[in-house]
Amino acid sequence: MRWHRINRLLRPTGFKVVRAEASKPPKRRARGIASDPVYDRLVTTPVFILASIRSGSTLLRVLLNTHSQLHAPHELHLPGMRVELGSRYAMRAIEELGLDATALDYLLWDRVLHRELTKSGKKHIVEKTPSNVFIWRRIVECWPDARFIFLLRHPVAIARSRQLAWGRELSGENQRKVLGFMNGLERARRHLDGLTIRYEDLTTDPERVTQEVCAFLGVEWEPQMLDYGRVDHGRYEPGLGDWGERIRTGEILPPRPIPDGEIPERLLRLCRAWGYVEKPAAAGSPTRR
């Protein structure tokens, strides 16, 4: 997107669109101003895939995007799309309308999703940026009727996948970074309703899992979803989703085996919480043999 061209057009209005790193975050609802979904939302029930990085969310995206009624574009990075008021007069005008900086951000987010959905000619839009695990509260604030799909993967496999993709960090630092995403995902799962699926199941039994997803979204399952390579899903590039050789094959490949060895302590808690490792038996309870 050519930000300078947009801002030239917006200059007479007193508004300016900026990248997230270009300015400080806007103040959040200091006066309790809230947007009204009835008037402010063009998209009412968007679908969000909440997943850690390196969890297979790009694979799930392209499978859903192959469906005739589901549009799943590349990662949109909504938190990086923000509106900056360029003058005190614009701020005063917006306040008079009962809006604030956060409400304007949400209007922008909703308009971007609506534009993508309208261009696609489909009925439902799916967004899968991994950093959404950190802003799920804002997503619910913007779209109270949003729907969520939680995509899990073995934490050790997540860490290994990121290490293979980047290969520039020590193992401990790599684990720390993926753990942040996984913790964000787990917090979202504890607070939100939604459908939980596993990457391992998606890659070994894709028909069953995609049928579950379609049932959750209220659309008919389509067998051609599994042949995602026949559809153009846009470029596979860093920042837009997975870019590796496996996703480029157009085929659903089985997951790589989990590395042997002891599970790092910092990943063990989530391995247990997600059911990849049995929880230790409570004191006095019988142990499984």
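Conventions used here
Each chain carries its own residue numbering, running from 1 in the written order of its sequence. Since the coordinates come from a predicted model, pLDDT governs what is reported: local features require at least 70, and pairs of side-chain atoms require 80 or more to be given and counted, while whole-chain, interface and lining totals use all residues. The basis for every side-chain value is the complete set of non-hydrogen atoms in the structure, without hydrogens or water. Starting at the N terminus, helices and strands are each numbered in turn, a helix being any DSSP run of H or I of at least four residues and a strand any DSSP run of E of at least two. The length a helix should cover is 1.5 Å for every residue beyond the first. What qualifies as a polar contact is a pair of N or O atoms within 3.5 Å, subject to a donor-acceptor requirement within protein and to the restriction that residues adjacent in sequence count only when both atoms come from side chains. We define a salt bridge as a contact between a side-chain nitrogen of Lys or Arg and a carboxyl oxygen of Asp or Glu at a distance within 4 Å. Here the term buried applies to any residue with accessible area under 20% of the maximum for its type, exposed to any over 50%, and partly exposed to those in between, with areas from a 1.4 Å probe on protein chains only.

Chemist: Before we go on, may I ask you to explain helix α5 (residues 101-120) in this structure?
Modeler: Because each turn of an α-helix spans 3.6 residues, side chains separated by three or four positions end up pointing in the same direction. For α5, with 20 residues, the first-to-last C-alpha span of 29 Å sits near the 28 Å given by 1.5 Å per residue. The opening residue of α5, the one whose side-chain oxygen lies 3.3 Å from the backbone nitrogen of T102, is D100. Phi for G121, located one or two positions after α5, is positive at around 75°.

Chemist: Would you take a moment to explain the pattern of salt bridges for this structure?
Modeler: Two side chains of opposite charge can pair, provided their charged atoms sit close to one another. All chains considered together, the criterion is met by 10 salt bridges. A salt bridge links E212 to R208, with the nearest nitrogen and oxygen atoms 2.8 Å apart. Taken together, the residues span about one helical turn, with E212 and R208 both in helix α10 (residues 206-217) at a distance of four residues. Under the relative-accessibility criterion, E212 is labelled partly exposed at 32%. Overall, the relative accessible area of 33% leaves R208 in the partly exposed class. Here E237 ties to R235 by a salt bridge, and the two come within 3.3 Å at their closest N and O atoms. Each of D201, D205, R208 and E212 takes part in salt bridges that share partners, so that together they form one network.

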